[in-house]
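# Secondary and tertiary structure notes
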Amino acid sequence: MKLAVVGTGYVGLVTGVCLAEIGHHVTCIDIDEMKVEKMKKGIVPIYEPGLSELMNKNMAAGRLSFTSSHNEGFAGAEVVYIAVGTPQKDDGSANLTYVEQVAVTIAKTAKNETIVVTKSTVPVGTNDRLQTIINQNKLSPIKIEVVSNPEFLREGSAIYDSFHGNRIIIGANTEEAAQKIAEINKPFGIFIYKTDIRSAEMIKYASNAFLATKISFINEIANICERVGADVEKVAVGMGLDQRIGSAFLKAGIGYGGSCFPKDTKALIQIAGNVEYDFELLKGVVNVNRKQQRILLNKLRGIVGNFEGKKIAVLGLAFKPDTDDLREAPSILITNELINGGAQVYAYDPIAIENAKKTLNSSIIYVEKLEDALEKADAALILTEWSEIKNMEISLFKTMKNPIVLDGRNCFSLVQMQESNVDYHSVGRRVVRNGIKEVTEW
Ligand code: UDX
């Protein structure tokens, strides 16, 4: 089938490439002409494992193309996907300007019967609004129907998730439209759940809010574990064995970041507020996450007093491993506070440095090797659980002036750190002091 995808960010580009991979003819449209020129040459504008190979393969097969012209992209397309951004406004609500502009463009450009599929995460009721906008702006009496088809892709595993996700959600007003989108997705071999539009929109927010709740919950348990002498890693294993709870998203740390959880939790609080509902639980989740981002800073202050003149190694900047994305990453707040407190920050990240240079405080010194950050450092903060960090030689910490390690992602086992000469502070576990064998396996 011939399809068009508007917007070539993470969601749009991965969607377009994967739809081409299952045999459709896809044109990806973006108003950024420079970006389109690059993609036409096979250059992927984002870091996403496996995306470049799949994109080039499908371009070579003649199933995938790029354009900055809506007219060209929509020509002959039976389905148009909207995958443009819905950035957060100051009040936490989603900015729908771009999505609405695309709806108007589709209404004014489409020449044949079209299904408009919304991939972007939009507040409940938006698709109905888009349908109205389209109906008002249509130039001819052709049928244009809006369908909600939210994505659940994780950055860094987006290609894998496209082919191995748990479900595809299709929210439609008519069985005919739902069936057509189901047909398009059939080759993915993933369970398809068809529902009404507003429920589909809510499924996306509710899923992300629930996962964020699990994270904030385990982080609070971690903070209590530290105080009562329990080990959150073991607590999470024990909890996860109950199938009603499940083991995923029970990894304690310095809080969630990224393009979805922070934005979607705040947007859902807004959505609830708009209908006079106080979503107290989710407000708690957001507050806990805000607090959790500071725990390493508080611990460090407790150990070294103030940051003035201290060399601090920061290992990992991306909001999670296997991505170069720094959006809402704990590293933003942490490096800012360190620098404002007078510290010299030496930062290492295997992939995200280019983005970090654009996002973080300009006083940060970036290093290409872990050891250069650690050498003569007064303390090291681990902010992302990159495999390069988890698998590093523990002996490298010995080159620090003070081997104090604050691990925000529990990268090392306590037993492992007992063997080292390091003061090791992690999340929700006992402190290992200077290699003194005071930690026992419970
Ligand atoms: C998430 C959802 O998983 C995806 O379905 C949705 O479409 C977009 O948002 P993503 O933001 O790419 O995907 O990352 P994810 O792997 O879910 O992690 C989000 C954040 O939670 C990261 O900052 C991660 O470090 C944190 N996290 C995750 C934890 O702190 N503990 C966990 O147990 C899991």
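What counts, and at which threshold
- Residues numbered from 1 in each chain as written.
- Predicted model: local features only at pLDDT ≥ 70, side-chain atom pairs only at ≥ 80, totals over all residues.
- UniProt positions renumbered as here; feature names shortened; annotations may be inferred.
- Buried ≥ 20, exposed ≤ 12 C-beta atoms within 10 Å, placed from the backbone.
- Helix = DSSP H or I, 4+ residues; strand = E, 2+ residues; numbered from the N terminus.
- Pairing = 2+ DSSP bridges.
- Contact = placed C-beta atoms within 7 Å.
- Axes fitted to C-alpha atoms, helices over the stretch in contact; angles between N-to-C directions.
- Parallel < 35°, antiparallel > 145°, perpendicular 65-115°, else oblique.
- Left-handed = near helix turned anticlockwise from the far one by under 90°.
- Nonpolar A, V, L, I, M, F, W, Y, C, P; charged D, E, K, R; others polar.
- Core = buried A, V, L, I, M, F, W, Y, C linked by C-beta atoms within 7 Å.
- Domains from an automatic or database assignment.
- Near = placed C-beta within 6 Å.

Within an unreviewed UniProt entry, the label attached to the protein chain reads UDP-glucose 6-dehydrogenase, and the organism entered is Ureibacillus yapensis. The Pathway (unreviewed entry) comment attached to the protein chain in UniProt states, word for word, "Nucleotide-sugar biosynthesis; UDP-alpha-D-glucuronate biosynthesis; UDP-alpha-D-glucuronate from UDP-alpha-D-glucose: step 1/1."

### Digging into the pairing of strand S3 (residues 64-67)
Of the two faces of S3, only one is covered, namely that formed by Leu64 and Phe66; the face formed by Ser65 and Thr67 stays uncovered. In the sheet, strand S2 (residues 25-29) pairs with S3 via four bridges, with the strands oriented parallel. Bridge pairing in S3 places Ile29 opposite Thr67.

### Things to note about the UniProt feature "binding site: NAD(+)" (unreviewed entry) in the protein chain
Feature annotation in UniProt assigns "binding site: NAD(+)" (unreviewed entry) to the following positions: Asp30, Lys35, Thr86, Thr121, Glu155, Lys263 and Arg327. Spatial dispersion of the annotated residues is evident: they stretch over 298 residues in sequence, and the largest pairwise C-alpha distance comes to 25.1 Å. With respect to the helices and strands, the residue Lys35 is situated in helix H2 (residues 33-40). Ignoring sequence-local partners within four residues, the contact set of Lys35 consists of Thr8, Asp30 and Pro45. Positionally, Thr86 belongs in the loop between strand S4 (79-82) and helix H5 (97-109). If near-sequence neighbours (up to four positions away) are discounted, Thr86 is found in contact with Ala94, Asn95, Leu96, Val99, Ser120, Thr121 and Val122.

### Description of the packing of helix H9 (residues 197-228) against helix H10 (residues 232-240)
For the pair H9 and H10, the least separation of the axes is 9 Å and the interaxial angle reads 135 degrees. In terms of orientation, H9 lies oblique with respect to H10. For the element pair H9 and H10, the recorded crossing hand is right-handed. Along its contact with H9, which presents Ile218, Ile221, Ala222 and Cys225, the element H10 presents Val232, Val235 and Ala236. Here the residues of the contact of H9 with H10 sort into seven nonpolar, no polar and no charged.

### Remarks on the nonpolar core
By size, the foremost hydrophobic cluster in this structure holds 128 residues, and its most contacted members are Val116, Leu315, Ala380 and Leu381. Sort the elements by how many residues they give to this core and H9 lands first, with ten residues. Leaving out residues up to four positions away in the same chain, Val116 has contacts with Val80, Ile82, Ala103, Ile106, Ile134, Ile144, Val146 and Val147.

### So, the domain arrangement of the protein chain
Annotation of the protein chain at the domain level lists domain 1 (2-195), domain 2 (205-291) and domain 3 (293-425). A straight line from the C-alpha centre of domain 1 to that of domain 2 covers 30 Å. In the side of domain 1 that touches domain 2, the residues fall into four nonpolar, four polar and two charged.

### Considerations on the UniProt feature "binding site: substrate" (unreviewed entry) in the protein chain
The feature "binding site: substrate" (unreviewed entry), as given by UniProt, occupies Phe152, Leu153, Arg154, Glu155, Lys204, Phe249, Leu250, Lys251, Ala252, Gly253, Gly257 and Lys320 in the numbering adopted here. For the residues just named, distributed over 169 residues, the greatest C-alpha separation reaches 23.9 Å, placing them at more than one site. Take Arg154: it is sitting in the loop between strand S6 (144-148) and helix H7 (158-164). One can find Lys204 in helix H9. By C-beta crowding, Lys204 is classed as buried, having 24 other C-beta atoms within 10 Å.

### Focus on the sheet that holds strand S11 (residues 365-367)
Taking strand neighbours across the sheet as the criterion, the six strands line up as S11-S10-S9-S12-S13-S14 in an open arrangement whose pairing is parallel. Strands at the two margins of the open sheet, each flanked by one partner only, are S11 and strand S14 (423-425). In this sheet, neighbouring strand axes are inclined to one another by 20 degrees on average, regardless of whether the strands run parallel or antiparallel. Pairing of strand S9 (residues 311-315) with strand S12 (residues 379-382), which is carried by four bridges, proceeds in the parallel orientation. Each bridged residue has a counterpart across the sheet, and for Leu315 the counterpart in S12 is Ile382. Along the sheet face, helix H13 (residues 295-304) touches S12, strand S13 (404-407) and S14 and points at about 160 degrees away from the line of S13. Across the sheet, helix H14 (residues 330-340) lies against S9, strand S10 (344-348) and S12, angled at about 150 degrees from S10, the strand it touches most.

### Here we look at the site of the ligand
In the neighbourhood of the ligand, 19 residues make up the surrounding shell, with Glu155, Lys251, Tyr256, Gly258 and Cys260 lying closest. Residue contributions to the shell around the ligand peak at three residues, all from H9. Across the shell around the ligand, the residue classes break down as ten nonpolar, four polar and five charged.

### Some points on the environment of Lys204
Separated by 53 residues in sequence, Lys204 and Glu151 place their C-alpha atoms 7.7 Å apart. Setting aside its immediate chain neighbours within four residues, Lys204 contacts Thr121 and Pro150.

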